[in-house]
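Residue strings, one per chain:
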Amino acid sequence: MSDSPKPLGEACIITVAITGSVPRKEDNPAVPVTVPEQVESTQEAFEAGATIVHVHVRDEDQRASSDPDKFAAFQEGVRKHCPGMIVQFSTGGRGRAPEERGAMLHHRPDMASLATGSVNFPNMIYENPPDLVDSLAAAMLKHEIKPEVEVFDLAMLYAAATMAEGGQLRKPLHVQFVFGLKNALPPKREILEFEVAQLKALQPDATWTAAGIGRSQLEINHWALAMGGHCRTGLEDNIRFDKSRLAKSNAELVARVAALCGDYGRYPASVAEAREILKLPAAG
C-alpha cells in the first residue's frame, strides 16, 4: 500500500454540534449542558473523528446563555483535551439578546457562526438585521475569527458573497447550508445542488458544509459526502440515532458519519487537514 498522502479533496471535515439551545436533558439524557459535560462529550466526538466543535452554552436552568466565562472555560477544556480541534462559537439568537450574541468573541475561537439574514423558525423569527450582522462580522475580523456563514435561505448566500467582496468577510468563505427546519429550506437535494453551484459561481474558492435538522440529518450527510462537501452531525440537530432509539452520545453520531466516508471514497479529515482546507492557522 502506498504511504503517499491522500488528496485533501477526499477529506471530509466532520463538525459536531454538541448541545444547541433547544434539546434538554429530559429530551435525551446524553445532551451535555454543563461545561464539564460539554468538554467530555467533545473529547469523545473528537476521538470518533470530529475536527470542529460547534458550541452553545447553557445556564443552570438549561436555557441558552451568552456567558463569556462559560465559552472561555469550554474553549480551554477543548484545547487541553482535544489538541488542534477547531472551536466554533455560536452567535445564534435563540434565547439571547442581540447585544449579547457576540459578547464572547474576544476569547478568539478559531471560528464562529454568522447568519447573514433573518428567517422564520418554527416558533419565532430568527432576527439578524443588517446592523447586527455587520457588527458581528466586524468583531470576527478584529479578533481574526473565521466565520461559518449559516445559510437558511438563498438570500443569505448572496448577502455573504457581497460582504466578502466588500471586505467585511475574509476570503475564502466557509458556508453551511441548513435544511429541515420548519418554515425554512426543506431537505431536497436539488436545492443543495443549486446552492452549491451558486456558491461556486460567486466564490470559487469557498468551502461548504451541509447540515440536516431532525430526521433529515443522515440523509444530508450522504448528500454532502457524495457532492464533495463536509458534514455536520450532533445532538443539537437530532437527539435520535434512528426511528427506534435516542442517540447514545455525540460520539455515536460522529462515528456513523466517519464510517460513511468510506462509502464515498472519502475519509475523516485530521485536525491538520481541516485547518489546511479552511485556511486556518496550524494548531499551536
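Residues numbered from 1 in each chain as written. Predicted model: local features only at pLDDT ≥ 70, side-chain atom pairs only at ≥ 80, totals over all residues. Heavy atoms only, no water.

K.L.:
Help me understand unusual backbone geometry in this model?
P.N.:
What is expected of a backbone is that most residues other than glycine have negative phi and most peptide bonds are trans. A cis amide bond links lysine 171 with the next residue in sequence, proline 172, at an omega value of -5°. Structurally, proline 172 can be placed in the loop between helix 4 (154-165) and strand 11 (174-179). One non-glycine residue with positive phi stands out, namely arginine 108, at about 60°. Mapped onto the elements, arginine 108 comes out in the loop between strand 6 (86-89) and strand 7 (111-115). Here glutamate 144, not a glycine, exhibits a phi torsion of approximately 55°, which is positive. (Helix = DSSP H or I, 4+ residues; strand = E, 2+ residues; numbered from the N terminus.)

K.L.:
What am I meant to see in the nonpolar core here?
P.N.:
Generally speaking, soluble globular proteins have nonpolar side chains that are buried together. Counting 65 residues, the largest nonpolar core has Phe74, Leu169, Phe177, Leu192 and Trp208 as the members making the most contacts within it. Counting residues in each nonpolar core, the second largest holds 11 residues, with Ile52, Ile86, Tyr267 and Leu278 among its members. (Core = buried A, V, L, I, M, F, W, Y, C linked by side-chain atoms within 4.5 Å. Buried < 20%, exposed > 50% of the residue type's maximum accessible area, 1.4 Å probe, protein only.)

K.L.:
It is not clear to me how the environment of proline 172 should be interpreted in this structure. Could you clarify?
P.N.:
C-alpha of proline 172 to C-alpha of lysine 146: the two residues are 26 residues apart in sequence and 9.3 Å apart in space. If near-sequence neighbours (up to four positions away) are discounted, proline 172 is found in contact with Lys146, Asp205 and Lys279. (Contact = heavy atoms within 4.5 Å.)

K.L.:
For this particular structure, what's the right way to read the layout of surface pockets?
P.N.:
Regions of empty space are outlined by a rolling probe, equal in size to a water molecule, passed over the atoms. In this structure, the largest pocket spans a volume of roughly 640 Å³. Lining the largest pocket are 35 residues, with Arg94, Leu181, Ile213, Glu236 and Asp237 sitting closest to its centre. Counting residues per element, the ones that place at least two in the lining of the largest pocket are strand 7 and strand 11. Among the elements that make up the lining of the largest pocket, the one with the highest residue count is strand 7 (3 residues). Around the second largest pocket, the lining is made up of 29 residues, and of these Asp110, Glu144, Arg275, Leu280 and Pro281 lie nearest the centre. Elements represented by at least two residues in the lining of the second largest pocket include exactly helix 3 (130-142) and strand 10 (146-151). It is helix 3 that provides the largest number of residues to the lining of the second largest pocket, a total of 3 residues. (1 Å grid on protein atoms, 1.4 Å probe; cavity = no way out; pocket = protein on both sides within 12 Å on 5 of 7 lines; lining within 4 Å. Points joined across faces, edges and corners; volume = space filled by probe spheres on them.)

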